[in-house]
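Take a look at the letters that make up each chain.
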Amino acid sequence: MPNASSWSASSPLLLLWEDSSGTRIFLSLLYAVLAISGTLSNVMVIYLVFSFKKLQTTSNAFIVNGCAADLSVCALWMPQEAVLGLLPPNSSSLRSAEYRLLRGGLLGLGLTVSLASHLLVAFNRYVLITKLPSVYQALYQRKHTGCMIGLSWALALLPVPLLPGLWTLGSAPSDGGSRYTALLLALAVLGQTALLLHCYLGIVRRVRGSAKRVSVLNFHLLHQLPFPAAPPPPRRAQRRLSSVSVLLLCCVFLLGTQPLVWVSLLGFFLRPAPPALQAASWLLLCSLSALNPLLYTWRSEEFRRAARSVLPRAEGPAAA
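Residues numbered from 1 in each chain as written. Predicted model: local features only at pLDDT ≥ 70, side-chain atom pairs only at ≥ 80, totals over all residues. Heavy atoms only, no water.

Going by the annotation in an unreviewed UniProt entry, the name recorded for the protein chain is GPR88 protein, with Scytalopus superciliaris given as the source organism. Here the protein chain is described in UniProt, under the heading Subcellular location (unreviewed entry), as follows: "Membrane". (UniProt positions renumbered as here; feature names shortened; annotations may be inferred.)

Have a look at this one:
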């Protein structure tokens, strides 16, 4: 039976050397479900934004950027993991260093740009709600928006060669490169999370303090905030629902990212976490790529209206 370190270096991310065939089949099915649902939802959001002029806002440009990055994970990386999970442990595909580098690059590129897009959306909404309209218009000109999106991809390409070392996280404690790479990942995600929470909590404070400030801003982007669009509730209830929606978005994001952060920090400063805990933390982070389109569109009446116009309608007496 292969040892843990040799197997972890050649196995799919969430599969462990001691896993039974039933566990491996279950994880492969889970990958397949996430791949199909995530690919469909990300493609749908991209199609709606490019098809409907009302949805072509600056905030949605960053959302589309995140969806394109999530497709790298859902449409390219997850299907490979689903197939590899059904192969025997001694398969040559699992042991190919070049193939592992390709898979690591797809995953690293997609997750990095996706996390950067989360921050770009949060900062865009923060400036819209808390600053003057003239400041927002000056900052988010078309060329500036394009530069922000391009920068997110450029920065994501820098750490790609380091990513294969993450797959041995916790399995080879003596591998200093893997430990420092994991620490770099944890600190980067932790910093990004702190900035994102600052933006959204600032929005919550402003909305709760002045509902009138939000209502007078005549921007289509307001429809992309996770606020109830129609029918408008009373002002106090509207502030409460707005705060709950933003906080719910933050909670889902924290649930997906923070387990990996603290597992990585635990492995660097103390001792590696149990393999099952590492696998669960990675699974939560990867599942965000399938959930991101819903996080940013489920409260938008414009997105729901656009989706209803393109989805096939039921035919029959009830529809008539």
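## Focus on the overall build of the protein chain
Looking only at helices and strands, the protein chain has 12 helices and 0 strands in total. The order of helices and strands in the protein chain, counted from the N terminus, is α-α-α-α-α-α-α-α-α-α-α-α. Expressed as a percentage of the 320 residues in the protein chain, the buried residues total 47%. Long-range pairs, those at least 24 residues apart, make up 78% of the contacts in the protein chain between residues at least 6 apart in sequence. Roughly 15900 Å² of accessible area belongs to the protein chain as shown, and the carbon and sulfur atoms make up 69% of that amount. (Helix = DSSP H or I, 4+ residues; strand = E, 2+ residues; numbered from the N terminus. Buried < 20%, exposed > 50% of the residue type's maximum accessible area, 1.4 Å probe, protein only. Contact = heavy atoms within 4.5 Å. Areas by Shrake-Rupley, 256 points an atom, 1.4 Å probe, with all protein chains shown as cover.)

## Regarding the side chain of Q192
Assignment of secondary structure puts Q192 in helix α8 (residues 176–209). Looking at Q192, its side chain comes within polar contact range of the main-chain oxygen of L115, at 2.6 Å. (Polar contact = N/O pair within 3.5 Å; in protein donor to acceptor, adjacent residues only side chain to side chain.)

## Here's the deal with helix α7 (residues 142–157)
The terminal C-alpha atoms of α7 lie 23 Å apart, and with 16 residues this matches the ideal 22 Å at 1.5 Å per residue to within 8%. Residues of α7 that are buried include every one of T145, S152 and A156, and no others. The buried residues of α7 occupy one face: seen down the axis, they fall within an arc of 25 degrees. In this structure, α7 carries K143, C147 and L157 as exposed residues pointing more than 90 degrees from its buried face. (Expected span 1.5 Å × (residues − 1). Arc of directions from axis to C-beta.)

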